[in-house]
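For reference, the chains in residue letters:
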Protein chains: 2
Amino acid sequence: MTVRQLALPDLSAHCARLGIPGIGLWREPVQAYGVEAAAKLVRDAGLTVTTLCRGGFLTATDPAERARALDDNRAAIDEAETLGTDTLVLVSGGLPAGDRDLGGARERIADALAELAPYAGERGVRLAIEPLHPMFASDRCVVSTLDQALGLAERFPASQVGVVVDTYHIWWDDRAPAAVERAGAQGRIHSFQLADWITPLPAGVLNGRGQIGDGAIDMARWRERVDAAGYDGPIEVELFNDELWARDGVELLEETARRYAHALKATSPH
Amino acid sequence: MTVRQLALPDLSAHCARLGIPGIGLWREPVQAYGVEAAAKLVRDAGLTVTTLCRGGFLTATDPAERARALDDNRAAIDEAETLGTDTLVLVSGGLPAGDRDLGGARERIADALAELAPYAGERGVRLAIEPLHPMFASDRCVVSTLDQALGLAERFPASQVGVVVDTYHIWWDDRAPAAVERAGAQGRIHSFQLADWITPLPAGVLNGRGQIGDGAIDMARWRERVDAAGYDGPIEVELFNDELWARDGVELLEETARRYAHALKATSPH
C-alpha cells in the first residue's frame, strides 16, 4: 500500500532489485491481477508475501451482514493460503450505525473469531488483529489498543490468532510496551509494521501517515522492544499518504528503503 | 467555546434566560473584555464561572520557554481567582520539535506542576489536567489517557491538582471507567465535559467535535459513571466545531441546552 501507484509486476521487480525480501499485499490489487498469478509473480521474483491485508469488519449486528463478513473472511483466508503467506491482517470494524456500545462490538469480534480461527488454522494462516489508533474507534476499528487486541487473541491458540504491532497506531500508548512484551512471550506478534506520526492530520485522517523519520515516533526504540519480545519476522512499512502516492512510485520505494535502513539503524537514547 | 460567536454579555444574558447556571470561560475573550469586568458581568447575571480554560503547555525543554510557560500559568491562576472559579483546566502540551520522548515530556509536566500547584492552592484554584485524545499526542497534549492524567495528579494534593473527564477524549478507552472511579474516590474529578464523537474528522482534527447526541458516545452512561464516582460539580458542554460556529449563536446555545437535557435524561441499556 505504501507504493500503491506501482502495479504488482513493477513492485515485485523493484523490491527484488532493492534487496527487499518480501512484500505485504492488499486483496484488491491481488484480486484484480488474479490470486494465483500474483502468487506466481511474487514467487518468481524471489520474494515472500509477508502478510495479506485485510480481513475483519466483524462488528455487524445484522445477521445477513455478519454472514457476508464471515464469508468474505473465509475467502481472504483462502487467498492468503494461495499467496503463501501465513498471516491475514484483520481490521476489526467500527460501530454499526446508531450503536454506542464499544464493548458489545468487541464481543461480536470474539464471536466471529471463534468461527474463523479454526478455518484459518487448518489452512496454515494466522489471523492478526490490528489495533487501530483510537481516532478510528467509531468508524473503522473498535479495537484501539494492543491490550485490547491481545485480550481478544488470547482466547484462541497463538497459531491461529495474534496481533499486529503497528507503530502508527500504538506509539502514544504508555501501556503498549508491556503489551508488546506479553504478545511476544505468547508468540502472538504476527506482524510488525512501521509508519510515522505527522501532523496536521488530513481530513478524514486516513491518509496522513508519515514517511519513516518524518514524525514523532522513535522507530529504533520500537524495534528494540519488538526484538526484545522475541519477534524475528518481517518488518513492513505501511504508509497511507496522498502526497506520497502522488509521487513517482519507484522513487518513493527507494526513499522508503533508505529511510527504513536509517531509522532502524539509529541508536536511541531512551 | 461552544458558542464562541456570542460575546460575553450576550452569552451571560442568554445562559441566565435559559436557566444554565454557570459558564466555562476561555482566557482570550476574558482578557479582551477585562478580567475584572468579566467577573462582574457573570456574577451580575447570577451565573458562576465553572472553569477557566486554559493553562498548561508545560513540555518545553528550552529554559526560557519553560519560564515563560510557568509565568503564563501563574497569570492564568490569578485570572481564575479573579473570576471566582476554583478550576483552571490544563492542556499539557505536545512534544517539542524533533523530540520523540513522550515519557520525558510527561515528566516535565510533573516538574512544572510541582512549581504551580502550591501557587494555585494558595489562591483556591485547582489545576485540572485534561487528557486529550491520542490524536493530539504529538502536537498538543502528551497526556492521552485519564490514567496518565491521574498518575500525574496523584503526586499532589487533590485540593491542588485533579483531572478533567471529557467524553470526547476518553470515550474509546476501556480503562477510563475504572480511572473515573479512582479519580472520584480521590476527589480529583475537577471538571466533567461533554462533546460527541462524529466522523469524518476535519483536517487538523481540532474543530470536529459533535453536538451532543449526534455521535458515537453514550452520554448517559458516562454521566452515570461520573455520578457513581461521587462527582457533583458542574457539567460543561465544550464543542469545537466550525460548522456550529458558523450558525446563529443563540440558536446554537438553545439547541445545545435541549440536547444536553435529552442526552443526560436518556436511559442506557449498558
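Residues numbered from 1 in each chain as written. Chains lettered and ligands numbered in written order. Predicted model: local features only at pLDDT ≥ 70, side-chain atom pairs only at ≥ 80, totals over all residues.

Novice: Explain the overall build of chain A here, please?
Specialist: What chain A contains, in helices and strands, is eleven helices and nine strands. Dimensions of chain A, computed from the C-alpha atoms along their principal axes, are close to 45 × 45 × 40 Å. The proportion of buried residues among the 270 residues of chain A is 50%. Counting contacts in chain A only where the partners sit at least 6 residues apart, residues at least 24 apart contribute 80% of the total. (Helix = DSSP H or I, 4+ residues; strand = E, 2+ residues; numbered from the N terminus. Buried ≥ 20, exposed ≤ 12 C-beta atoms within 10 Å, placed from the backbone. Contact = placed C-beta atoms within 7 Å.)

Novice: Before we go on, may I ask you to explain the sheet that holds strand E1 (residues 22-26) of chain B in this structure?
Specialist: All names here are of chain B. Strands sit in the order E1-E2-E3-E4-E5-E6-E9 across an open sheet of seven strands; the sheet is parallel. A single partner strand is all that each edge strand has here, and the edge strands are E1 and strand E9 (235-237). Here the strands of the sheet are splayed against their neighbours by 30° on average, with no regard to which way each runs. In the sheet, strand E3 (residues 87-91) pairs with strand E4 (residues 126-129) via four bridges, with the strands oriented parallel. Residue pairing across strands places leucine 88 opposite leucine 127, the latter belonging to E4. Packed onto the sheet, helix H6 (residues 146-153) meets E4 and strand E5 (161-166) and runs at close to 165° relative to E5. (Pairing = 2+ DSSP bridges. Axes fitted to C-alpha atoms, helices over the stretch in contact; angles between N-to-C directions.)

Novice: Looking at this model, I keep getting lost on the relation of the copies chain A and chain B. Mind explaining?
Specialist: One copy of the chain maps onto the second through a rotation about an axis and a displacement along it. Of the transformation placing chain A onto chain B, the axial shift is 0.0 Å and the rotation is 180°, giving an RMSD of 0.0 Å. Such a turn and shift between the copies fits a two-fold axis. Measuring from the rotation axis to each C-alpha of chain A, the shortest distance belongs to Ala203(A), at 1.9 Å. (Least-squares fit on C-alpha atoms with pLDDT ≥ 70 in both.)

Novice: Can you help me understand the interface of chain A and chain B in this one?
Specialist: Bring the parts together and some accessible area is lost; that lost area is often taken as the interface size. Listed by partner, the interface residues are 26 residues for chain A and 26 residues for chain B. For the side of chain A that touches chain B, a count of residues per class yields 14 nonpolar, seven polar and five charged. (Nonpolar A, V, L, I, M, F, W, Y, C, P; charged D, E, K, R; others polar.)

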